[in-house]
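Topology and contacts: notes
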Amino acid sequence: LFISGVSFAQESDQKVDFKKNEFKGNALFLVLGSFDFSYERILNEESVIGISLNVPFDKNNWDINYALTGYYRYYFGKKPASGFFGEAFGMLNNVDDYVYEESATNFTYKPKTITDFDLGIGLGGKWITKKGLLLEINAGVGRNLFNNQYDDRDYELIGRAGITIGYRF
């Protein structure tokens, strides 16, 4: 009886240990002319916080000068921090725009650099191998909160998208 009682007492909850850091690059934006890299810290099996920096190298295709994005994700997958996710993000963005100005004699568009902050939401999915390689697809939209005095502004809504590859360590 004593031996069988000890064997049942040995049963306990074991936490699964997993790697909690990720570094990723957005392959979609790289093809389109922009560096977009992210770092994520896994808080628990379902929650992640991250930061992303986007800086274009092809100014012919991008009006944006930079975008710095912080985000929180909640995962619904069976593996830790993988599968389908919902995201909330805040983005500091800086763009080159043209502002319409009216004078007594004519109408002109003057170049202007605008810095703004937006809040948004997104959805996506992440798949990870046993070795730590990952593939992620995501999309989202946010709304700029400031500098909305320009009626013809192109940047009231900001998109966020990616086909991202990376490594969990």
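Above this text you will find the structure in question.
Please read all numbers here as calculations on a predicted model, not as lab measurements.

**Here's the deal with the overall build of the protein**
A count of helical and extended segments in the protein gives 2 helices and 8 strands. For the protein, the share of sequence-separated contacts (at least 6 apart) that also reach a separation of at least 24 residues comes to 53%. Total accessible area computed for the protein in this model is approximately 10,800 Å², and 63% of it derives from carbon and sulfur atoms.

**A short note on the sheet that holds strand β7 (residues 133-144)**
Around the barrel, which closes on itself, the 8 strands sit in the order β1-β2-β3-β4-β5-β6-β7-β8 with antiparallel pairing between neighbours. With strand direction ignored, the average angle separating the axes of adjacent strands in the sheet is 25 degrees. Where strand β3 (residues 47-56) lies against strand β4 (residues 64-75), 8 bridges are found, and the strand directions are antiparallel. The residue of β4 that forms the bridge with isoleucine 51 is glycine 70.

**Some details on the layout of surface pockets**
Volume-wise, the largest pocket comes out at about 360 Å³. At the level of elements, β1 (21-26), β2 (34-42), β3, β4, β5 (83-102), β7 and β8 (157-168) are the ones that each hand at least two residues to the lining of the largest pocket. For the lining of the largest pocket, the class distribution of residues is 11 nonpolar, 9 polar and 6 charged. Lining of the second largest pocket is provided by Phe18, Lys19, Lys79, Pro80, Ile128, Thr129, Lys130, Lys131, Gly132 and Arg168. Counted by class, the lining of the second largest pocket contains 3 nonpolar, 2 polar and 5 charged residues.

The rules behind the values
- Residues numbered from 1 in each chain as written.
- Predicted model: local features only at pLDDT ≥ 70, side-chain atom pairs only at ≥ 80, totals over all residues.
- Heavy atoms only, no water.
- Helix = DSSP H or I, 4+ residues; strand = E, 2+ residues; numbered from the N terminus.
- Contact = heavy atoms within 4.5 Å.
- Areas by Shrake-Rupley, 256 points an atom, 1.4 Å probe, with all protein chains shown as cover.
- Pairing = 2+ DSSP bridges.
- Axes fitted to C-alpha atoms, helices over the stretch in contact; angles between N-to-C directions.
- 1 Å grid on protein atoms, 1.4 Å probe; cavity = no way out; pocket = protein on both sides within 12 Å on 5 of 7 lines; lining within 4 Å.
- Points joined across faces, edges and corners; volume = space filled by probe spheres on them.
- Nonpolar A, V, L, I, M, F, W, Y, C, P; charged D, E, K, R; others polar.

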